[in-house]
Amino acid sequence: MAEIVRIDAEGMHYTPLNQAIRAAVAAGAAEITIDHVMGQRFIADGLRGSVEITINGVPGGDLGMFMSGPTCIVHGNCEHAPGNTMDAGKIIIHGSAGDAVAHSMRGGIIFVRDDVGYRAGIHMKQYEEKRPVLVIGGSARAFLGEYMAGGLILILGRKAAAPQLDRGLGSGIHGGKIIVRGNVDEKHLGVGAKKRELSHEERGEITPLIEEFSHHFGLDPLQFRDERYYVIAPASARPFAGKYTWEV
Amino acid sequence: MIYMCGIIGVIDRSRQRMDGTGIRAALSRMDERGSGEGAGYAAYGAFPDLCDYYALHIFFDNPHETKPLVIEELSKWGTIEHQEEIPTFEQPGVRKVHIPWRFFFKPDPRLMPRSTTPEDDIVMYLVMKVNTSIPGALVYASGKNVAVFKASGWPEEVADFYRIQDYQGYLWIGHNRYPTNTPGWWGGAHPFNLLNWSVVHNGEITSYGTNRRYIESYGYRCTMYTDTEVVAYLFDLLIRRHGLSIETAVTALAPPFWDEIDRMPSKQQEIVRAIRLAYGPALMNGPFAIVVANHDSMVGFTDRIKLRPLVSGEHGNRLYISSEEAAIRTMEPGIEQVTMPRAGEPVIGRFLQ
């Protein structure tokens, strides 16, 4: 089989589509391009290895769920929950995405060029070397980083002085952090979330992310350089201790 | 979870009519959101030759037994201009457990003298009367110039069962059901229709008990064993009978949080507080995305914290609202931008004239 494989997904259900992807990977494909994608769910779910998949169209929900290693490049918008419980690898979205982007993500990185819907980064987690990252180029709707337990969300608010945010930012956050370019209105902070300024070390941490984001989408990284950044993080080491149980 | 049920609606603001082919393809694109236990469509402008008559759609278990009882009831309140069995075409996946029938009915307004909308009130009374007192007959639609097609099955099967490609409408809504809290049956398939109003809904109305008690105190009766029914009745009550605008009705059903109201300019605060207080029992709780159609407009909105998906897009004179972008693009590949309405805020498409 050729190193580069092309699949026409026109009218195809996701089961044969994923079977074709897995067959190509098993045969040693390094790159797969899928054309005419329109709403097929679960693309590349549970897929391992290092294949690069280019998706032309609008993939359905749960793109790259449980994926461990591959890269998905989407030329179009995504529906709900791309990167759901993703383990490793990369998703690059040339467009916007629906609700619950990076839902329960446990490793790897997602870049969204434009906006994300409600509850992006809900329940992101981390463990030892596994630390997921979600970079959002535009704005996010309410409950960004809800119940976040680990990992990093970076939101850049491209084309504006700051990203447009909404209520419940970091609501229930007890690990990880959300880094926001520009000002964050206190009224948007969720329960248990605290705002502080970006430290010098954290600036060093986001610089390579901004560079990679800009590289993927052909943007000038300097536009994100000299702005103020804020960190939204848990209000304490255990902000919800004693909420559901009592300790003596 | 967010996988359950798929909804779609399209309105052509210039009243150019479309056949059912496009919405069938769009709804079938979201087959993953259903379970094959219910699907349906509503078409506005479907009966131009009989547009002055209420199109009463009825599921009969056994027309020979129950149809005479329905005709007797209708004849007390007006005249039946025309009636027919709704043409259906056998499909492998649809078991024809009911016989769908339609009556084109003209109520006599003199029989409801104290009403400001006597014809509508007579039809509403008849719908509730038949559904609560004639077992084996269920009125599932009652609007003028509105056709409703629903059954247990997948979207494409139900579409082919009724051959919706043979009907034309300037506004269509469709629904693919994944029943969760009550079993799937023909009467539980969406759209739910009463008079002008047709509703498709993804989610659950957890405030159903409160909402049901509230609208039943105004003469509505819930007979379909599922929560969405109350939404159609709430729209009829708030807009037709109480005279609210669509925007105000949506504010009553999915109001802003109190902390958001506290930050509004004082005049607006006063209005929204009054709406919340007056319509507390109409407030719908729980996760939902809803599209409501009527003869003036189509409106889509979600619950206040956006627990169900909803996107919309415009192309030419047409506005599309759906659970998924892929469904909209299936109907209109040329659409440029698909956007996400804010939680609790209505997207409204109105006819130009």
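The structure presented is a predicted model; accordingly, all values stated were derived computationally and were not measured.

Enquirer: Could you give an account of the overall build of chain B, naming the residues involved and the relevant values?
Expert: The number of helices and strands found in chain B is ten helices and 18 strands. At 19 Å, chain B has a C-alpha radius of gyration in line with the 20 Å of a compact globule built from 353 residues. Buried residues in chain B amount to 52% of all 353 residues. Restricting the contact set of chain B to residue pairs at least 6 apart, pairs at least 24 apart contribute 74%.

Enquirer: Can you explain the overall build of chain A? Please cite residues and give values.
Expert: Secondary structure summary: chain A contains two helices and eleven strands in total. Going from the N terminus to the C terminus, chain A shows its helices and strands as β-α-β-β-β-β-β-β-β-β-β-α-β. Whereas a compact globule of 248 residues would reach a radius of gyration of roughly 18 Å, chain A reaches 18 Å, a difference of no more than 12%. Taking the principal axes of its C-alpha atoms as reference, chain A extends roughly 60 × 45 × 30 Å. Here chain A holds 248 residues, and the buried ones make up 52% of them. Partitioning the intrachain contacts of chain A with sequence separation of at least 6 by distance along the chain shows that 41% fall at a separation of at least 24.

Enquirer: Provide a residue-level description of helix α2 (residues 200-217) of chain A, including the pertinent values.
Expert: Residue and element names in this part refer to chain A. End to end, α2 covers 26 Å across 18 residues, agreeing with the expected 26 Å (1.5 Å per residue, within 8%). Of the residues making up α2, those classed as buried are I206, I210 and F213. Positioned one or two residues after α2, G218 has a phi angle of 65°, which is positive.

Enquirer: Quick rundown of the interface of chain B and chain A? Include the residues and the values.
Expert: With 15 residues of chain B at the interface, the matching set in chain A holds 14 residues. Among the elements that line the side of chain B that touches chain A, the one with the most residues is helix α10 (residues 325-331) of chain B, at five residues. Of the residues in the side of chain B that touches chain A, the class split is eight nonpolar, one polar and six charged.

Enquirer: For the sheet that holds strand β15 (residues 311-315) of chain B, give the residues involved together with the corresponding values.
Expert: Residues and elements named next belong to chain B. In spatial order, the strands read β8-β3-β10-β1-β16-β15-β17; together these seven strands make up an open sheet with antiparallel pairing. In the strand order of this sheet, the two ends are held by β8 (146-151) and β17 (338-339), each with one partner. Those strands touched by helix α1 (residues 21-28) are β1 (6-12), β3 (39-44), β10 (171-176) and β16 (318-322), and its axis lies near 155° from that of β1.

Enquirer: Describe the pairing of β10 of chain B, naming the residues involved and giving the relevant values.
Expert: Residue and element names in this part refer to chain B. The element β10 is largely enclosed, with a buried count of six among its six residues. Side-chain alternation along β10 places L171, I173 and H175 on one buried face and W172, G174 and N176 on a second face that is also buried. Two elements, β1 and β10, share six bridges in a ladder whose sense is antiparallel. Paired with G9 across the bridge in β10 is I173.

Enquirer: Before we move on, can you summarise the nonpolar core with the specific residues and values?
Expert: Among the nonpolar cores identified, the biggest contains 183 residues, and V101 and L134 of chain A together with L234 of chain B are the most heavily contacted of them. What L234 of chain B contacts, discounting residues up to four positions off in sequence, is N211, I215, L253 and A282 of chain B.

Enquirer: Can you tell me about the packing of helix α2 (residues 63-77) of chain B against helix α3 (residues 118-133) of chain B, naming the residues and giving the values?
Expert: Residue and element names in this part refer to chain B. Closest axis-to-axis distance for the α2/α3 pair is 11 Å, and the angle between their directions is 155°. Comparing the axis directions of α2 and α3 gives the class roughly antiparallel. For α2 against α3, the interelement crossing comes out right-handed. For the pair α2 and α3, contact is made by V70, E73, L74 and W77 and by I122, L126, K129 and V130, respectively. Taken together, the residues that form the contact of α2 with α3 break down as six nonpolar, no polar and two charged.

Enquirer: Describe the sheet that holds strand β2 (residues 31-38) of chain A, and please don't skip the residues or the numbers.
Expert: Residue and element names in this part refer to chain A. On the basis of which strands lie adjacent, the open sheet formed by eleven strands has the order β1-β2-β3-β4-β5-β6-β7-β8-β9-β11-β10 and mixed pairing. Two strands close off the open sheet at either side, each with one partner strand: β1 (4-8) and β10 (193-197). The sheet shows a mean angle of 15° between the axes of neighbouring strands, direction not considered. Summarising the sheet, strand β7 (residues 133-136) and strand β8 (residues 149-155) pair through four bridges and their orientation is parallel. Paired with L134 across the strands is I153, a residue of β8. In the packing of helix α1 (residues 14-26) onto the sheet, contacts are made with β1, β2 and β3 (52-58), and the angle to β1 comes to roughly 170°. Packing of α2 onto the sheet brings it into contact with β5 (88-93), β6 (109-112), β7, β8, β9 (175-181) and β11 (229-234), and relative to β7 it is tilted by some 60°.

Enquirer: Just give me the short version of the packing of helix α6 (residues 229-241) of chain B against helix α7 (residues 246-253) of chain B, but keep the residues and values in it.
Expert: All names here are of chain B. At a minimum axis separation of 10 Å, α6 and α7 run at an interaxial angle of 130°. As far as their axial angle goes, α7 and α6 are oblique. With respect to the hand of their crossing, α6 and α7 are arranged in right-handed fashion. Residues L234, F235, L238 and I239 of α6 lie in contact with α7, whose contacting residues are I246, A249, A252 and L253. The residue inventory of the contact of α6 with α7, partitioned by class, reads eight nonpolar, no polar and no charged.

Enquirer: Summarise the confidence of the model for chain B; cite the residues concerned and give the values.
Expert: In low-pLDDT regions, the fine details of the predicted coordinates are not to be read closely. Per-chain confidence: chain B averages 96 in pLDDT, with 99% of residues scoring 70 or above. Taken together, the chains of this predicted complex give a pTM of 0.96 and an interface ipTM of 0.95.

Enquirer: Lay out the pairing of strand β4 (residues 68-75) of chain A with the relevant residues and their values.
Expert: Residues and elements named next belong to chain A. Pairing geometry for β3 and β4, over five bridges, is parallel. Counterpart to E52 in the pairing with β4 is T71. Looking at chain direction, β4 and β5 are connected through five bridges and run parallel. Note that in β5 the partner of C72 across the bridge is I91.

Rules behind the numbers
Residues numbered from 1 in each chain as written. Chains lettered and ligands numbered in written order. Predicted model: local features only at pLDDT ≥ 70, side-chain atom pairs only at ≥ 80, totals over all residues. Helix = DSSP H or I, 4+ residues; strand = E, 2+ residues; numbered from the N terminus. Rg over C-alpha atoms; globule rule 2.2 N^0.38 Å. Buried ≥ 20, exposed ≤ 12 C-beta atoms within 10 Å, placed from the backbone. Contact = placed C-beta atoms within 7 Å. Expected span 1.5 Å × (residues − 1). Nonpolar A, V, L, I, M, F, W, Y, C, P; charged D, E, K, R; others polar. Pairing = 2+ DSSP bridges. Axes fitted to C-alpha atoms, helices over the stretch in contact; angles between N-to-C directions. Core = buried A, V, L, I, M, F, W, Y, C linked by C-beta atoms within 7 Å. Parallel < 35°, antiparallel > 145°, perpendicular 65-115°, else oblique. Left-handed = near helix turned anticlockwise from the far one by under 90°. pLDDT = per-residue confidence, 0-100.

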